[in-house]
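Close look at the chain arrangement
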Amino acid sequence: MNNERGNKMKISKYIDKKTNKTMYRVKGYLGTDPITGKKIYKNMSGFAKKRDAEIAERKAKQEFLKSGTINTDRLKFEEVAKIWLETYEMSNIKESTFQIQRDIVLNHIVPILGKHYVDKITPIMCQSLVNKFTREFTNYSNMIGLATRILEYARKTLKLIDDNPMKDVERPRKARKLKSERYEAPYFSREELVYFLECAKKMDDPKAYAIIHLMSFTGIREGEACGLMWKDFDEVNNTITIERAIIRGKNFEKKVGTTKSPASERTISIDDETAQVLRNWKSKQKEIMFMLGYNTSGKNQFMFTNDKNEFYQPLYAYDRIQAVCKKFPEIGKMTAHGLRHTSVTLLLEAGMSIKEVQERLGHENTKMVLEVYSHINKESSMKIGNDFADFVKKVNG
(Lines give C-alpha, C1' and ligand atoms only; values in the text may rest on other atoms or scores of the structure.)
Protein backbone atom coordinates (compact mmCIF):
# COMPACT_ATOMS: atom_id res chain seq x y z
CA MET A 1 0.00 0.00 0.00
CA ASN A 2 1.18 3.50 -0.83
CA ASN A 3 1.45 5.41 2.45
CA GLU A 4 3.38 8.39 1.11
CA ARG A 5 2.16 11.41 2.99
CA GLY A 6 1.00 14.52 1.15
CA ASN A 7 -0.02 17.93 2.36
CA LYS A 8 -2.88 17.91 4.84
CA MET A 9 -6.11 19.64 3.98
CA LYS A 10 -6.34 22.77 6.12
CA ILE A 11 -9.30 24.59 7.65
CA SER A 12 -8.97 28.35 7.98
CA LYS A 13 -11.10 31.35 8.92
CA TYR A 14 -11.97 34.25 6.65
CA ILE A 15 -14.33 37.23 6.68
CA ASP A 16 -17.12 37.10 4.13
CA LYS A 17 -17.05 40.44 2.27
CA LYS A 18 -20.81 40.54 1.69
CA THR A 19 -22.00 39.66 5.20
CA ASN A 20 -18.91 40.66 7.21
CA LYS A 21 -19.28 37.38 9.13
CA THR A 22 -16.56 34.92 10.06
CA MET A 23 -16.70 31.86 7.81
CA TYR A 24 -14.56 28.73 7.31
CA ARG A 25 -12.90 27.24 4.25
CA VAL A 26 -11.22 23.90 3.52
CA LYS A 27 -8.43 23.61 1.01
CA GLY A 28 -5.52 21.33 0.36
CA TYR A 29 -4.15 18.19 -1.23
CA LEU A 30 -6.24 15.01 -1.39
CA GLY A 31 -3.97 12.61 -3.25
CA THR A 32 -2.77 11.45 -6.66
CA ASP A 33 -4.77 9.98 -9.52
CA PRO A 34 -3.07 6.60 -10.14
CA ILE A 35 -3.86 6.69 -13.86
CA THR A 36 -2.91 10.24 -14.84
CA GLY A 37 -0.47 10.88 -12.01
CA LYS A 38 -2.16 14.23 -11.51
CA LYS A 39 -2.29 15.65 -8.00
CA ILE A 40 -5.82 16.27 -6.74
CA TYR A 41 -6.64 19.39 -4.70
CA LYS A 42 -9.89 20.49 -3.11
CA ASN A 43 -11.06 24.00 -2.21
CA MET A 44 -14.39 24.52 -0.39
CA SER A 45 -15.69 27.60 1.39
CA GLY A 46 -18.83 29.18 2.84
CA PHE A 47 -19.08 27.17 6.08
CA ALA A 48 -20.65 29.06 8.98
CA LYS A 49 -19.24 26.65 11.58
CA LYS A 50 -15.87 24.96 11.90
CA ARG A 51 -17.61 21.65 12.53
CA ASP A 52 -19.35 21.92 9.13
CA ALA A 53 -15.99 22.46 7.50
CA GLU A 54 -14.53 19.43 9.29
CA ILE A 55 -17.42 17.24 8.12
CA ALA A 56 -16.96 18.48 4.55
CA GLU A 57 -13.25 17.68 4.77
CA ARG A 58 -13.90 14.11 5.91
CA LYS A 59 -16.54 13.56 3.25
CA ALA A 60 -14.20 14.88 0.56
CA LYS A 61 -11.56 12.38 1.65
CA GLN A 62 -14.11 9.58 1.76
CA GLU A 63 -15.47 10.38 -1.71
CA PHE A 64 -11.94 10.62 -3.07
CA LEU A 65 -11.07 7.19 -1.67
CA LYS A 66 -14.26 5.61 -2.99
CA SER A 67 -13.57 6.97 -6.48
CA GLY A 68 -10.79 4.41 -6.90
CA THR A 69 -7.85 6.74 -6.52
CA ILE A 70 -5.12 6.32 -3.93
CA ASN A 71 -5.02 8.79 -1.09
CA THR A 72 -1.45 9.45 -0.07
CA ASP A 73 -2.63 10.84 3.29
CA ARG A 74 -2.66 8.49 6.24
CA LEU A 75 -5.59 8.66 8.62
CA LYS A 76 -5.62 8.25 12.36
CA PHE A 77 -8.12 5.96 14.02
CA GLU A 78 -10.16 8.92 15.33
CA GLU A 79 -10.50 10.25 11.77
CA VAL A 80 -11.62 6.88 10.44
CA ALA A 81 -14.04 6.51 13.37
CA LYS A 82 -15.69 9.86 12.57
CA ILE A 83 -16.11 8.94 8.90
CA TRP A 84 -17.50 5.52 9.88
CA LEU A 85 -19.95 7.09 12.35
CA GLU A 86 -21.27 9.42 9.65
CA THR A 87 -21.88 6.45 7.36
CA TYR A 88 -23.36 4.39 10.20
CA GLU A 89 -25.74 7.20 11.13
CA MET A 90 -27.15 7.21 7.60
CA SER A 91 -27.95 3.50 7.76
CA ASN A 92 -31.35 2.23 8.85
CA ILE A 93 -30.73 2.57 12.58
CA LYS A 94 -32.74 4.14 15.40
CA GLU A 95 -31.38 7.45 16.65
CA SER A 96 -31.31 6.22 20.22
CA THR A 97 -29.20 3.21 19.20
CA PHE A 98 -26.84 5.42 17.19
CA GLN A 99 -26.43 7.76 20.17
CA ILE A 100 -25.45 4.85 22.44
CA GLN A 101 -22.97 3.40 19.91
CA ARG A 102 -21.51 6.83 19.15
CA ASP A 103 -20.92 7.47 22.85
CA ILE A 104 -19.10 4.13 23.18
CA VAL A 105 -16.86 4.89 20.20
CA LEU A 106 -16.01 8.45 21.25
CA ASN A 107 -15.78 7.92 25.01
CA HIS A 108 -14.11 4.50 25.23
CA ILE A 109 -12.50 3.38 21.95
CA VAL A 110 -11.16 6.65 20.51
CA PRO A 111 -9.36 7.61 23.77
CA ILE A 112 -7.31 4.40 23.43
CA LEU A 113 -6.70 4.09 19.67
CA GLY A 114 -7.63 7.54 18.41
CA LYS A 115 -4.19 9.15 18.05
CA HIS A 116 -2.64 6.17 16.26
CA TYR A 117 -2.50 5.96 12.48
CA VAL A 118 -4.55 2.92 11.49
CA ASP A 119 -1.64 1.33 9.63
CA LYS A 120 0.36 1.44 12.87
CA ILE A 121 -2.27 -0.27 15.06
CA THR A 122 -0.98 -3.74 15.90
CA PRO A 123 -2.67 -6.96 17.06
CA ILE A 124 -0.93 -6.51 20.44
CA MET A 125 -2.56 -3.09 20.88
CA CYS A 126 -5.91 -4.58 19.91
CA GLN A 127 -5.50 -7.47 22.35
CA SER A 128 -4.76 -4.99 25.13
CA LEU A 129 -7.96 -3.11 24.27
CA VAL A 130 -9.97 -6.36 24.25
CA ASN A 131 -8.58 -7.39 27.63
CA LYS A 132 -9.34 -3.98 29.15
CA PHE A 133 -12.94 -3.95 27.90
CA THR A 134 -13.52 -7.53 29.05
CA ARG A 135 -12.27 -6.72 32.56
CA GLU A 136 -14.10 -3.43 33.01
CA PHE A 137 -17.42 -3.59 31.14
CA THR A 138 -20.42 -5.90 30.98
CA ASN A 139 -21.18 -4.92 27.38
CA TYR A 140 -17.58 -5.61 26.29
CA SER A 141 -18.66 -7.76 23.34
CA ASN A 142 -20.43 -4.81 21.68
CA MET A 143 -17.48 -2.51 22.38
CA ILE A 144 -15.02 -4.96 20.83
CA GLY A 145 -17.35 -5.39 17.87
CA LEU A 146 -17.41 -1.63 17.23
CA ALA A 147 -13.61 -1.37 17.24
CA THR A 148 -13.46 -4.32 14.84
CA ARG A 149 -16.01 -2.76 12.47
CA ILE A 150 -14.17 0.57 12.33
CA LEU A 151 -10.85 -1.09 11.50
CA GLU A 152 -12.57 -3.31 8.96
CA TYR A 153 -14.00 -0.14 7.39
CA ALA A 154 -10.45 1.23 7.19
CA ARG A 155 -9.37 -1.97 5.41
CA LYS A 156 -12.29 -2.81 3.14
CA THR A 157 -13.79 0.59 2.27
CA LEU A 158 -11.04 3.15 2.77
CA LYS A 159 -8.21 0.82 1.68
CA LEU A 160 -5.91 2.25 4.37
CA ILE A 161 -4.66 -1.07 5.71
CA ASP A 162 -4.12 -4.52 4.22
CA ASP A 163 -5.25 -6.51 7.26
CA ASN A 164 -7.56 -5.88 10.17
CA PRO A 165 -5.43 -6.13 13.35
CA MET A 166 -8.55 -7.09 15.36
CA LYS A 167 -9.06 -10.18 13.21
CA ASP A 168 -6.97 -12.62 15.20
CA VAL A 169 -7.28 -11.30 18.75
CA GLU A 170 -8.35 -13.72 21.45
CA ARG A 171 -11.58 -12.85 23.24
CA PRO A 172 -11.27 -13.97 26.87
CA ARG A 173 -14.24 -15.92 28.14
CA LYS A 174 -15.62 -14.56 31.36
CA ALA A 175 -16.34 -17.05 34.10
CA ARG A 176 -20.02 -17.86 34.31
CA LYS A 177 -21.62 -16.05 37.22
CA LEU A 178 -23.25 -17.89 40.07
CA LYS A 179 -27.02 -17.87 39.81
CA SER A 180 -27.18 -15.63 42.89
CA GLU A 181 -24.96 -13.06 41.13
CA ARG A 182 -26.95 -12.81 37.90
CA TYR A 183 -29.32 -9.93 37.36
CA GLU A 184 -32.96 -10.83 37.06
CA ALA A 185 -35.65 -8.23 36.54
CA PRO A 186 -37.91 -7.97 39.59
CA TYR A 187 -41.48 -9.12 39.17
CA PHE A 188 -44.65 -9.33 41.24
CA SER A 189 -46.85 -12.25 42.05
CA ARG A 190 -50.56 -11.71 41.47
CA GLU A 191 -51.13 -10.72 45.10
CA GLU A 192 -48.11 -8.39 45.11
CA LEU A 193 -49.28 -6.64 41.95
CA VAL A 194 -52.72 -6.03 43.44
CA TYR A 195 -51.13 -4.51 46.55
CA PHE A 196 -48.71 -2.40 44.46
CA LEU A 197 -51.60 -0.92 42.47
CA GLU A 198 -53.53 -0.20 45.68
CA CYS A 199 -50.51 1.73 46.94
CA ALA A 200 -50.14 3.55 43.61
CA LYS A 201 -53.75 4.66 43.86
CA LYS A 202 -53.13 6.05 47.36
CA MET A 203 -50.50 8.41 45.93
CA ASP A 204 -53.40 10.60 44.75
CA ASP A 205 -51.80 11.21 41.34
CA PRO A 206 -54.32 10.09 38.69
CA LYS A 207 -51.88 10.55 35.81
CA ALA A 208 -49.18 8.44 37.45
CA TYR A 209 -51.72 5.82 38.47
CA ALA A 210 -53.09 5.63 34.93
CA ILE A 211 -49.70 4.95 33.31
CA ILE A 212 -48.66 2.49 36.04
CA HIS A 213 -51.96 0.60 35.81
CA LEU A 214 -51.76 0.54 32.01
CA MET A 215 -48.20 -0.78 31.97
CA SER A 216 -49.02 -3.38 34.65
CA PHE A 217 -52.01 -4.78 32.76
CA THR A 218 -50.55 -4.64 29.24
CA GLY A 219 -46.79 -5.08 29.62
CA ILE A 220 -46.08 -2.25 27.19
CA ARG A 221 -42.67 -0.58 27.32
CA GLU A 222 -42.31 2.80 29.04
CA GLY A 223 -41.38 4.48 25.75
CA GLU A 224 -44.48 3.01 24.13
CA ALA A 225 -46.70 4.19 27.01
CA CYS A 226 -45.34 7.74 26.79
CA GLY A 227 -45.86 7.69 23.02
CA LEU A 228 -49.58 6.84 23.20
CA MET A 229 -52.14 9.31 21.88
CA TRP A 230 -55.83 9.26 22.69
CA LYS A 231 -56.58 8.28 19.11
CA ASP A 232 -54.78 4.99 19.86
CA PHE A 233 -57.43 4.10 22.47
CA ASP A 234 -60.49 2.43 20.95
CA GLU A 235 -63.12 2.98 23.64
CA VAL A 236 -65.72 0.89 21.79
CA ASN A 237 -63.64 -2.27 21.39
CA ASN A 238 -61.37 -1.76 24.43
CA THR A 239 -58.07 -1.87 22.54
CA ILE A 240 -54.95 0.25 22.34
CA THR A 241 -52.71 0.48 19.28
CA ILE A 242 -48.95 0.87 19.71
CA GLU A 243 -47.35 2.40 16.63
CA ARG A 244 -44.76 4.83 18.02
CA ALA A 245 -42.46 5.31 21.00
CA ILE A 246 -40.65 8.18 22.68
CA ILE A 247 -36.94 7.75 22.12
CA ARG A 248 -33.69 9.55 22.89
CA GLY A 249 -32.48 11.51 19.87
CA LYS A 250 -29.30 13.43 19.24
CA ASN A 251 -27.92 15.29 22.22
CA PHE A 252 -30.34 13.34 24.44
CA GLU A 253 -33.44 15.28 23.40
CA LYS A 254 -36.76 13.44 23.56
CA LYS A 255 -38.52 12.78 20.27
CA VAL A 256 -41.24 10.65 18.74
CA GLY A 257 -39.77 7.63 16.96
CA THR A 258 -40.58 4.17 15.76
CA THR A 259 -41.16 1.22 18.05
CA LYS A 260 -38.32 -1.12 18.95
CA SER A 261 -39.06 -3.44 16.02
CA PRO A 262 -41.81 -4.04 13.44
CA ALA A 263 -43.24 -6.71 15.77
CA SER A 264 -43.71 -4.01 18.40
CA GLU A 265 -46.34 -2.30 16.28
CA ARG A 266 -49.50 -3.99 17.47
CA THR A 267 -53.07 -3.64 18.67
CA ILE A 268 -53.88 -5.31 21.98
CA SER A 269 -57.03 -5.76 24.00
CA ILE A 270 -57.46 -4.26 27.45
CA ASP A 271 -59.83 -5.19 30.25
CA ASP A 272 -62.83 -3.11 31.32
CA GLU A 273 -61.11 -1.79 34.45
CA THR A 274 -58.05 -0.57 32.56
CA ALA A 275 -60.31 1.06 29.96
CA GLN A 276 -62.15 2.88 32.75
CA VAL A 277 -58.90 4.04 34.32
CA LEU A 278 -57.94 5.58 30.97
CA ARG A 279 -61.34 7.24 30.57
CA ASN A 280 -61.07 8.73 34.06
CA TRP A 281 -57.61 10.09 33.30
CA LYS A 282 -58.72 11.49 29.92
CA SER A 283 -61.45 13.47 31.67
CA LYS A 284 -59.07 14.64 34.41
CA GLN A 285 -56.38 15.61 31.90
CA LYS A 286 -58.90 17.70 29.95
CA GLU A 287 -59.88 19.51 33.15
CA ILE A 288 -56.31 20.15 34.29
CA MET A 289 -55.00 21.28 30.91
CA PHE A 290 -58.01 23.56 30.33
CA MET A 291 -57.11 25.39 33.53
CA LEU A 292 -53.56 25.75 32.21
CA GLY A 293 -54.81 27.10 28.89
CA TYR A 294 -54.48 24.01 26.69
CA ASN A 295 -57.03 22.22 24.53
CA THR A 296 -56.66 18.43 24.69
CA SER A 297 -59.23 17.69 21.98
CA GLY A 298 -56.68 17.72 19.16
CA LYS A 299 -56.19 14.73 16.89
CA ASN A 300 -52.65 14.05 18.09
CA GLN A 301 -53.12 14.68 21.81
CA PHE A 302 -50.78 12.53 23.89
CA MET A 303 -52.23 10.55 26.78
CA PHE A 304 -49.57 11.56 29.27
CA THR A 305 -48.28 15.13 29.21
CA ASN A 306 -46.59 17.66 31.47
CA ASP A 307 -47.90 21.08 32.47
CA LYS A 308 -46.96 22.41 29.02
CA ASN A 309 -48.94 19.64 27.34
CA GLU A 310 -45.72 18.04 26.10
CA PHE A 311 -45.14 14.29 26.02
CA TYR A 312 -42.83 12.79 28.61
CA GLN A 313 -39.46 11.12 28.48
CA PRO A 314 -39.79 7.36 29.17
CA LEU A 315 -38.03 8.07 32.47
CA TYR A 316 -41.31 9.53 33.74
CA ALA A 317 -42.82 6.06 34.17
CA TYR A 318 -39.75 4.82 36.04
CA ASP A 319 -39.80 7.83 38.37
CA ARG A 320 -43.47 7.33 39.25
CA ILE A 321 -42.88 3.64 40.01
CA GLN A 322 -39.97 4.56 42.27
CA ALA A 323 -42.11 7.15 44.07
CA VAL A 324 -44.60 4.42 45.01
CA CYS A 325 -41.85 2.05 46.15
CA LYS A 326 -40.28 4.79 48.27
CA LYS A 327 -43.59 5.70 49.93
CA PHE A 328 -44.38 2.04 50.62
CA PRO A 329 -40.98 0.36 51.21
CA GLU A 330 -42.57 -3.01 51.96
CA ILE A 331 -43.19 -3.32 48.21
CA GLY A 332 -39.49 -3.81 47.56
CA LYS A 333 -37.75 -3.04 44.29
CA MET A 334 -39.64 -2.56 41.05
CA THR A 335 -38.85 -1.05 37.64
CA ALA A 336 -40.70 -0.35 34.41
CA HIS A 337 -39.08 -3.44 32.91
CA GLY A 338 -40.10 -5.35 36.04
CA LEU A 339 -43.77 -4.53 35.35
CA ARG A 340 -43.29 -5.89 31.83
CA HIS A 341 -41.71 -9.01 33.32
CA THR A 342 -44.66 -9.27 35.71
CA SER A 343 -47.11 -9.09 32.81
CA VAL A 344 -45.34 -11.97 31.03
CA THR A 345 -45.35 -14.01 34.21
CA LEU A 346 -49.03 -13.56 34.99
CA LEU A 347 -50.13 -14.03 31.37
CA LEU A 348 -48.35 -17.38 31.27
CA GLU A 349 -49.79 -18.38 34.64
CA ALA A 350 -53.25 -17.41 33.32
CA GLY A 351 -52.84 -19.99 30.57
CA MET A 352 -51.91 -17.91 27.52
CA SER A 353 -49.60 -19.62 25.04
CA ILE A 354 -45.99 -18.47 24.63
CA LYS A 355 -46.79 -17.28 21.10
CA GLU A 356 -49.77 -15.23 22.30
CA VAL A 357 -47.67 -13.60 25.04
CA GLN A 358 -44.89 -12.85 22.54
CA GLU A 359 -47.31 -11.08 20.20
CA ARG A 360 -48.99 -9.13 23.01
CA LEU A 361 -45.66 -7.92 24.39
CA GLY A 362 -44.36 -7.03 20.92
CA HIS A 363 -41.30 -9.29 20.83
CA GLU A 364 -39.76 -10.39 17.54
CA ASN A 365 -39.30 -13.93 18.84
CA THR A 366 -40.16 -16.11 21.84
CA LYS A 367 -36.69 -15.99 23.47
CA MET A 368 -37.53 -13.49 26.24
CA VAL A 369 -40.87 -15.16 27.00
CA LEU A 370 -39.17 -18.55 27.26
CA GLU A 371 -36.53 -17.12 29.62
CA VAL A 372 -39.28 -15.83 31.91
CA TYR A 373 -41.19 -19.07 31.61
CA SER A 374 -38.12 -21.02 32.75
CA HIS A 375 -38.21 -19.58 36.26
CA ILE A 376 -41.75 -18.42 37.05
CA ASN A 377 -43.05 -21.68 38.42
CA LYS A 378 -40.60 -22.13 41.29
CA GLU A 379 -43.24 -23.46 43.64
CA SER A 380 -44.38 -25.99 41.06
CA SER A 381 -40.85 -27.24 40.46
CA MET A 382 -40.33 -27.71 44.21
CA LYS A 383 -43.35 -30.01 44.30
CA ILE A 384 -42.16 -32.31 41.51
CA GLY A 385 -40.34 -34.72 43.88
CA ASN A 386 -43.36 -35.23 46.12
CA ASP A 387 -45.74 -35.47 43.16
CA PHE A 388 -43.61 -38.20 41.60
CA ALA A 389 -43.40 -40.12 44.90
CA ASP A 390 -47.16 -39.89 45.34
CA PHE A 391 -47.68 -41.20 41.83
CA VAL A 392 -45.41 -44.18 42.42
CA LYS A 393 -47.13 -45.00 45.75
CA LYS A 394 -50.50 -45.04 44.04
CA VAL A 395 -49.22 -47.57 41.52
CA ASN A 396 -47.75 -49.78 44.30
CA GLY A 397 -50.96 -49.47 46.31
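Residues numbered from 1 in each chain as written. Predicted model: local features only at pLDDT ≥ 70, side-chain atom pairs only at ≥ 80, totals over all residues. Heavy atoms only, no water.

1. Notes on the packing of helix 6 (residues 190-202) against helix 7 (residues 206-218)
Where helix 6 meets helix 7, the closest approach of the two axes is 9 Å, and the angle between their N-to-C directions is 165°. On the basis of the axis angle, helix 6 is roughly antiparallel to helix 7. The two elements helix 6 and helix 7 cross, and the hand of that crossing is left-handed. Counted together, L193, F196, L197, A200 and K201 of helix 6 and Y209, I212, H213, S216 and F217 of helix 7 form the full contact between these two elements. Among the residues forming the contact of helix 6 with helix 7, the class breakdown is seven nonpolar, two polar and one charged. (Axes fitted to C-alpha atoms, helices over the stretch in contact; angles between N-to-C directions. Helix = DSSP H or I, 4+ residues; strand = E, 2+ residues; numbered from the N terminus. Parallel < 35°, antiparallel > 145°, perpendicular 65-115°, else oblique. Left-handed = near helix turned anticlockwise from the far one by under 90°. Contact = heavy atoms within 4.5 Å. Nonpolar A, V, L, I, M, F, W, Y, C, P; charged D, E, K, R; others polar.)

2. Section: the sheet that holds strand 2 (residues 22-32)
In spatial order, the strands read 1-2-3; together these three strands make up an open sheet with antiparallel pairing. The open sheet terminates on both sides in strands that have one partner only, identified here as strand 1 (10-15) and strand 3 (39-47). Strand-to-strand twist of the sheet, defined as the mean angle between neighbouring strand axes without regard to direction, takes the value 20°. The sheet contact formed by strand 2 and strand 3 spans seven bridges and is antiparallel. If you follow T32 over to strand 3, its bridge partner there is K39. (Pairing = 2+ DSSP bridges.)

3. Brief notes about the environment of P262
As for its position among the elements, P262 is in the loop between strand 7 (254-257) and strand 8 (266-269). Measuring from C-alpha to C-alpha, the distance between P262 and G362 comes to 8.4 Å, with 100 residues separating the pair along the chain.

4. A few points about the packing of aromatic side chains
Here the structure, examined in full by the defined rule, presents seven aromatic pairs. On the numbers, 6.0 Å between centres and 45° between planes, the contact of Y88 with F98 is tilted. Remark: F98 occurs in helix 3 (residues 95-113) and Y88 occurs in helix 2 (residues 77-89); sequence separation between them is ten residues. Arranged with centres 4.9 Å apart and planes meeting at 50°, the rings of F302 and F311 form a pair that is tilted. A relative accessible area of 16% places F311 in the buried class. The ring centre of Y14 lies 4.1 Å from the NZ or CZ of R25, which sits over that ring. Over the ring of F311 we find K254, and its NZ or CZ is 5.1 Å from the ring centre. (Phe/Tyr/Trp six-rings, centres within 6.5 Å; stacked < 30°, edge-to-face > 60°. Buried < 20%, exposed > 50% of the residue type's maximum accessible area, 1.4 Å probe, protein only. Lys NZ or Arg CZ within 6 Å of the ring centre and 35° of its normal.)

5. Some thoughts on the nonpolar core
Of all hydrophobic cores here, the largest spans 45 residues; its most connected members are F196, I211 and I240. Every element with two or more residues in this core is listed here: helix 6, helix 7, helix 8 (222-226), strand 5 (239-242), helix 9 (272-291), helix 10 (315-327) and helix 11 (336-349). Per-element tally for this core: the top contributor is helix 7, with seven residues. Core analysis: the second largest hydrophobic core is formed by 35 residues, C126, I144, L146 and I161 among them. (Core = buried A, V, L, I, M, F, W, Y, C linked by side-chain atoms within 4.5 Å.)

6. Details of the pattern of salt bridges
Across all of its chains, the model carries 14 salt bridges by this definition. The shortest N-O distance in the salt bridge between E235 and R279 comes to 3.3 Å. In this pair, E235 is assigned in the loop between strand 4 (233-234) and strand 5 and R279 in helix 9, connecting sequence segments 44 residues apart. Look at R279 and you get partly exposed, because its relative accessible area is 27%. Salt bridges here are not isolated pairs; linked through shared partners, they connect R221, E224 and R266. (Salt bridge = Lys/Arg side-chain N within 4 Å of Asp/Glu carboxyl O.)

7. With respect to the side chain of H363
Tracing the backbone through its elements, the reader meets H363 in the loop between helix 12 (354-361) and helix 13 (367-376). At 3.3 Å, the side chain of H363 and the side chain of R340 are in polar contact. Once you skip the residues sitting within four places of it in the chain, H363 turns out to touch R221, A263, R340, Q358, M368 and V369. (Polar contact = N/O pair within 3.5 Å; in protein donor to acceptor, adjacent residues only side chain to side chain.)

8. Quick look at the side chain of S261
Inspection of the secondary structure puts S261 in the loop between strand 7 and strand 8. Apart from the residues within four sequence positions on either side, S261 is in contact with G362 and E364.

9. Topic: helix 9
With 20 residues, helix 9 should reach 28 Å at 1.5 Å per residue; the first-to-last C-alpha distance of 29 Å fits that figure. Residues of helix 9 that are buried include every one of T274, A275, V277, L278, W281, Q285 and M289, and no others. All buried residues of helix 9 fall inside an arc of 150° around its axis, so they share one side. Facing away from the buried side of helix 9, by more than 90 degrees, are the exposed residues D272, K286, F290 and M291. Of the surrounding secondary structure, the elements contacted by the buried residues of helix 9 are helix 7, strand 4 and strand 5. Near the N-terminus of helix 9, the side chain that reaches the backbone nitrogen of E273, with its oxygen 3.1 Å away, is that of D271. Backbone geometry just downstream of helix 9 places G293 in the positive-phi region, at approximately 95°. (Expected span 1.5 Å × (residues − 1). Arc of directions from axis to C-beta.)

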